[in-house]
Amino acid sequence: MSDTQTLIENRPPSVAHLFVERVGRTPDAEAYRYPVPSATGQGPDDWKSLSWQGAADRVYAIAAGLVDLGVEPEERVALAAATRVEWILADLGVMCAGAATTTVYPQTNAEESAYILADSGSRVLIAEDAAQLAKAREKRAELPDLAHVVVIDAADAVPAEGDPEGWVLSLADLEARGAEYLAKHPDVVQERIAAITADRLATLIYTSGTTGRPKGVRLPHDNWSYMAKAIAATGLVTQEDVQYLWLPLAHVFGKVLTSGHVEVGGVTAVDGRVDKIIENLPVVQPTYMAAVPRIFEKVYNGVAAKARAGGGAKYKIFQWAAGVAREYAKESQDNFRRTGSASVSFALGAKHKVADALVYSKLREAFGGRLRACVSGSVALAPEIGFFFAGAGIHILEGYGLTETSAASFVNPGEAYRTGTVGKPLPGCEVRIADDGEILLRGPGVMEGYHGLPEKTAEVLESDGWFHTGDIGVLSPDGYLRITDRKKDLFKTSGGKYVAPTEIEGHFKALCPFVSNILVIGADRNFCSALIALDEAALLGWAADNGLSGRSYADVVAAPQTRAMVQGYVERLNGNLQRWQTIKQFRLLPRDLDVEHGELTPSLKLKRPVVERTYKDLVEEMYAGAKEA
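Notes on the structure in this doc start here. (Residues numbered from 1 in each chain as written. Predicted model: local features only at pLDDT ≥ 70, side-chain atom pairs only at ≥ 80, totals over all residues. Heavy atoms only, no water.)

Next up on the list: the sheet that holds strand 20 (residues 467-475). One open sheet accounts for four strands, arranged 17-18-20-21; its pairing is antiparallel. Each having just a single partner strand, strand 17 (430-433) and strand 21 (481-486) make up the two edges of the open sheet. For this sheet, the mean angle separating the axes of adjacent strands, direction not counted, is 50 degrees. The pairing of strand 18 (residues 438-442) with strand 20 spans three bridges and is classified as antiparallel. Across the sheet, Glu438 pairs through a bridge with Ile472, a residue of strand 20. (Pairing = 2+ DSSP bridges. Helix = DSSP H or I, 4+ residues; strand = E, 2+ residues; numbered from the N terminus. Axes fitted to C-alpha atoms, helices over the stretch in contact; angles between N-to-C directions.)

Following this line, the structure appears as structure tokens:
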């Protein structure tokens, strides 16, 4: 048996066990770093640290406090908060109490939040602030199982008239109760942890879903223990790393990063405020960061817009450097695949050196200057954007997984990464491609099933453990997986030709630095069309240089010059597509797509049916009387 197999197969029952081991090994080492607003409220935040032992003191107090509230093993405790250190401490506290965490996105509206709380049977809600408390209070009549709401921001833990006695308390109150309970019952948390078995429920994550009601994915403790060990086995993260964690922890991608961190050690800097990422990176100086493609797209568009604003000469330099970066990345990756050496020709190396001094070095400094690797997941990264960052020395390792597989099933292997693929399976994960191209997975990361939905579980999970992902992909002879589309997103035109819309959308994002979101349409139609939303910051920068200065976003979008500009990028896109894939018509949307309007999931996936319904008139307009094939 290999060392990796031993590491995976001899895993403990839960991450709670791993946490106890981690605290025992490195009690005084820094575990978490988190921002605190400066005393004056002006200027940058102060960053505080928490050691592993300091974290354990709070985690065990939270666990004991939950026991004191009457929470039993496997009972659900919901967490509705943005990414912050208290989220992680609370989640570990729930785990160490032997209970199970139900995750709720803070953006979720009152109706859907209530559905998740009721469907999960959550006994306690740990809510971030007054806004989250208000949602629970509004729907309290529909939540007979909800015995308590614990509010993280203590000043917001204000009981209201009509609240049952003790229904609302602060996280500080819960920890104080836990400390008192531990004084009387010092072994209670260790006893709860010792009683955890691998098959007990650890987490209920409700898929945000692009259609229909969310389904609760049941992930037992063994899923997370396996993930922690598998992440360690890849060698991608070490105890010397500083991870910058901003991803939503209600999402499985963010959640798995916390499990890996407990096993590996190192430092995790936690701050979920997306508008603070650019400000935080030079302060945190991470060596490792996970993100979704939209972040890299926005950085790329921002760099391009800044270069354009600097004048024609600067923009030409940027375009040249971007081309060199892509050429450099493709050649070095090809050579590494063939020879094991990421070498390039002398001439390309010389051009790259000049481009590095002019462009790439500044880009790396913006990321903090120490970034060794980024992991990208959730949706596909456009390969041309990936090649640009790779050539600029920011190595984006794409990975792949689903909520139903505990997030991480594939990841690119460090130096041997291949842009445009999601890498190789994690140790212990099996993969096969069905006859219709669907990716099937089996292994310790696969869910137990959907909560209370045996029929839905049977639709995707075979009796022998194979899980149907719903994604279409291709495996290379040496085991690298490339995702080509979602099975349900593939459509057939009225001419009988299959089209993979996400592939076309990815190509367009790489071509057009002004696009924010694009939706390709064409099912049962005689040609393909697109709804295109533009990035506001990039667009207004372009507008200032094209006689549209001072106009609103909506006015710029409606301007003929803007349509002509986008038309040029559409024509470039069409030049690289098969005839039946080409975009014959498009419409620019009056605003960007967003989570608040229900057009994107909280993990920024397109809700295609919602967008098509919202802009039905524009879609019909594109096809009215059209005869093009």
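Okay, the state of the cysteines next. A covalent bond bridging the sulfur atoms of two cysteines is what the word disulfide describes. In total, this model carries zero disulfides according to the counting rule given. The closest cysteine sulfur to the non-disulfide-bonded Cys512 is located on Cys528, 18 Å from its own sulfur. Its relative accessible area of 1% is what places Cys512 among the buried residues. (Disulfide = S-S within 2.5 Å. Buried < 20%, exposed > 50% of the residue type's maximum accessible area, 1.4 Å probe, protein only.)

What follows concerns the environment of Gln585. Residue placement: Gln585 occurs in strand 26 (residues 583-588). For the pair Gln585 and Val431, spaced 154 residues apart in the sequence, the C-alpha separation amounts to 39 Å. A distance of 3.3 Å separates polar atoms of two side chains, one belonging to Gln585 and the other to Arg587. (Polar contact = N/O pair within 3.5 Å; in protein donor to acceptor, adjacent residues only side chain to side chain.)

This part takes up the nonpolar core. In terms of nonpolar packing, the biggest core is built from 135 residues, with Phe19, Tyr32 and Phe389 touching the most fellow members. With ten residues, helix 3 (residues 52-68) is the largest single contributor of residues to this core. Once residues within four sequence positions are removed from consideration, Phe19 is found in contact with Trp52, Ala55, Ala56, Val59, Tyr60, Leu92, Cys96 and Val262. In terms of nonpolar packing, the next biggest core, distinct from the first, is built from 32 residues, Ala305, Phe491, Val499 and Ala543 among them. (Core = buried A, V, L, I, M, F, W, Y, C linked by side-chain atoms within 4.5 Å. Contact = heavy atoms within 4.5 Å.)

The next thing to look at is the pattern of salt bridges. Under the criterion given, the structure shown has 31 salt bridges. A salt bridge links Glu430 to Arg442, with the shortest nitrogen-to-oxygen separation between them at 3.1 Å. With Glu430 in strand 17 and Arg442 in strand 18, this pair connects stretches of sequence that are twelve residues apart. Here the residues in one salt-bridge network are Arg84, Glu86, Glu128 and Asp153, joined through shared partners. (Salt bridge = Lys/Arg side-chain N within 4 Å of Asp/Glu carboxyl O.)

When you line up the elements, Phe514 lands in the loop between helix 17 (501-511) and strand 24 (515-521). Look at Phe514 and you get buried, because its relative accessible area is 2%. Sequence-wise, Phe514 and Gly541 are 27 residues apart; in three dimensions their C-alpha atoms are separated by 9.8 Å. Leaving out residues up to four positions away in the same chain, Phe514 has contacts with Asn301, Arg308, Leu534, Asp535, Ala538, Leu539, Trp542, Met565 and Tyr569.

Our focus in this paragraph is the pairing of strand 3 (residues 76-80). For a regular strand, the rule is simple: side chains alternate between the two faces of the sheet. The buried fraction of strand 3 is high, at five of five residues. The sheet contact formed by strand 3 and strand 4 (residues 100-104) spans five bridges and is parallel. Its bridge partner lying in strand 4, Ala78 is registered against Thr102. Once you follow strand 3 into helix 4 (residues 85-96) and on to strand 4, the crossover reads as right-handed. Sheet topology note: the strand 3/strand 5 (residues 124-127) ladder contains four bridges and is parallel. Bridged to Leu79 within strand 5 is Ile126. (Right-handed = clockwise from strand over helix to strand, strands pointing away.)

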